[in-house]
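What the coordinates show
So you can see what is in the structure, the chains are spelled out below.
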Amino acid sequence: MSGQPFEDIIAPGRPAPEFSLAREDGETFTRSDLLGGGTTVLVFYPFAFSPVCTDQLQIYDEVRDELAAHGATLYGVSCDHAYSQKAFRERLGVAIEQLSDWEPKGEASRAFGAWFAPRGCSARALVIVGPDGVVRWSHRAESLGDLPGANLIFDALAAPA
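Residues numbered from 1 in each chain as written. Predicted model: local features only at pLDDT ≥ 70, side-chain atom pairs only at ≥ 80, totals over all residues. Heavy atoms only, no water.

Let us look at the side chain of Q98. Tracing the chain through its elements places Q98 in strand 5 (residues 97-100). Accessibility expressed as a relative area gives 0% for Q98, which makes it buried. Looking at Q98, its side chain comes within polar contact range of the main-chain oxygen of I96, at 2.9 Å. Not counting chain neighbours up to four residues away, the residues in contact with Q98 comprise A22, R23, E24, Y45, L57, G76, Q85 and R89. (Helix = DSSP H or I, 4+ residues; strand = E, 2+ residues; numbered from the N terminus. Buried < 20%, exposed > 50% of the residue type's maximum accessible area, 1.4 Å probe, protein only. Polar contact = N/O pair within 3.5 Å; in protein donor to acceptor, adjacent residues only side chain to side chain. Contact = heavy atoms within 4.5 Å.)

Shown next as structure tokens:
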């Protein structure tokens, strides 16, 4: 998207980049955590406690068990500090684990092409990575205010690999 404030989202068929994100408990989540298990859905979102992000995580949490039945695990990713993400997750009452791209700020978001430079935050994007570490599908919303429906994730999971 030349001339746009967005990076190019990582394309299907590419290996997931090396990255490091912080879990709530202080442990790290890296590319190696994507390997060998099931399918991973990385849900990049701009800000904890913002209205659209709140709706998005609540909607996705409602279908989390159905996604798990398709072999997929969701992780929320934002540039908020892990403490803010934990408070956000607890306040919403959702079970989707949150991963912090706080420091260095936005490094993983940039690596996946899910960075929105004008606001200094993650764009609203979805990246599905197979257990082999290869991106199966990716989507970036046209704006931070667009909420990608859960149907996009189900359709992508149902598509041939």
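Applying the stated criterion to the full structure yields six aromatic pairs. Measuring from ring centre to ring centre gives 6.1 Å for F19 and F29, while their planes differ by 35 degrees; the resulting arrangement is tilted. With F19 in the segment before strand 1 (20-22) and F29 in strand 2 (residues 28-30), this residue pair connects regions lying 10 residues apart in the sequence. Residues F19 and F29 agree in their burial class; the two are buried. Members of the aromatic cluster, joined through ring pairs, are F19, F29, F44, Y75 and F112. A cation sits over an aromatic face here: R110 above W115, 4.0 Å from the ring centre. (Phe/Tyr/Trp six-rings, centres within 6.5 Å; stacked < 30°, edge-to-face > 60°. Lys NZ or Arg CZ within 6 Å of the ring centre and 35° of its normal.)

Further remarks concern the pairing of strand 8 (residues 125-129). With five of five residues buried, strand 8 lies mostly within the body of the structure. The side-chain alternation of strand 8 yields two buried faces, one formed by A125, V127 and V129 and the other by L126 and I128. Alignment of strand 3 (residues 39-44) against strand 8, held across five bridges, turns out to be antiparallel. Each residue of the ladder has a partner; that of V41, found in strand 8, is I128. Sheet analysis places strand 8 next to strand 9 (residues 135-140), joined by five bridges and oriented antiparallel. Residue pairing across strands places V129 opposite V135, the latter belonging to strand 9. Between strand 8 and strand 9, which pair antiparallel and follow one another directly, the connecting turn spans five residues, one of which, G133, has a positive phi of 85 degrees. (Pairing = 2+ DSSP bridges.)

A full pass over the atoms with the stated rule returns zero disulfides. Its sulfur unpaired, C53 is 8.3 Å from the next cysteine sulfur, which belongs to C121. Take C53: its relative accessible area is 0%, and that puts it in the buried class. C79 takes part in no disulfide bond, and the closest cysteine sulfur, belonging to C121, lies 6.9 Å away. On the basis of relative accessibility, which here comes to 5%, the residue C79 falls in the buried class. (Disulfide = S-S within 2.5 Å.)

Position of K86 among the secondary structure elements: in helix 3 (residues 82-92). Through-space distance from the C-alpha of K86 to that of D25 is 9.4 Å; in sequence the pair is 61 residues apart.

Of all hydrophobic cores here, the largest spans 23 residues; its most connected members are V41, Y60, L67, L74, F88, I128 and I153. Of all the elements in the fold, those that place two or more residues in this core are strand 3, helix 1 (51-62), strand 4 (72-78), helix 3, strand 8 and helix 5 (150-158). Sorting elements by how many residues they give to this core places helix 5 first, with five residues. Counting 18 residues, the second largest nonpolar core, distinct from the first, contains F29, F112, V127 and V135. (Core = buried A, V, L, I, M, F, W, Y, C linked by side-chain atoms within 4.5 Å.)

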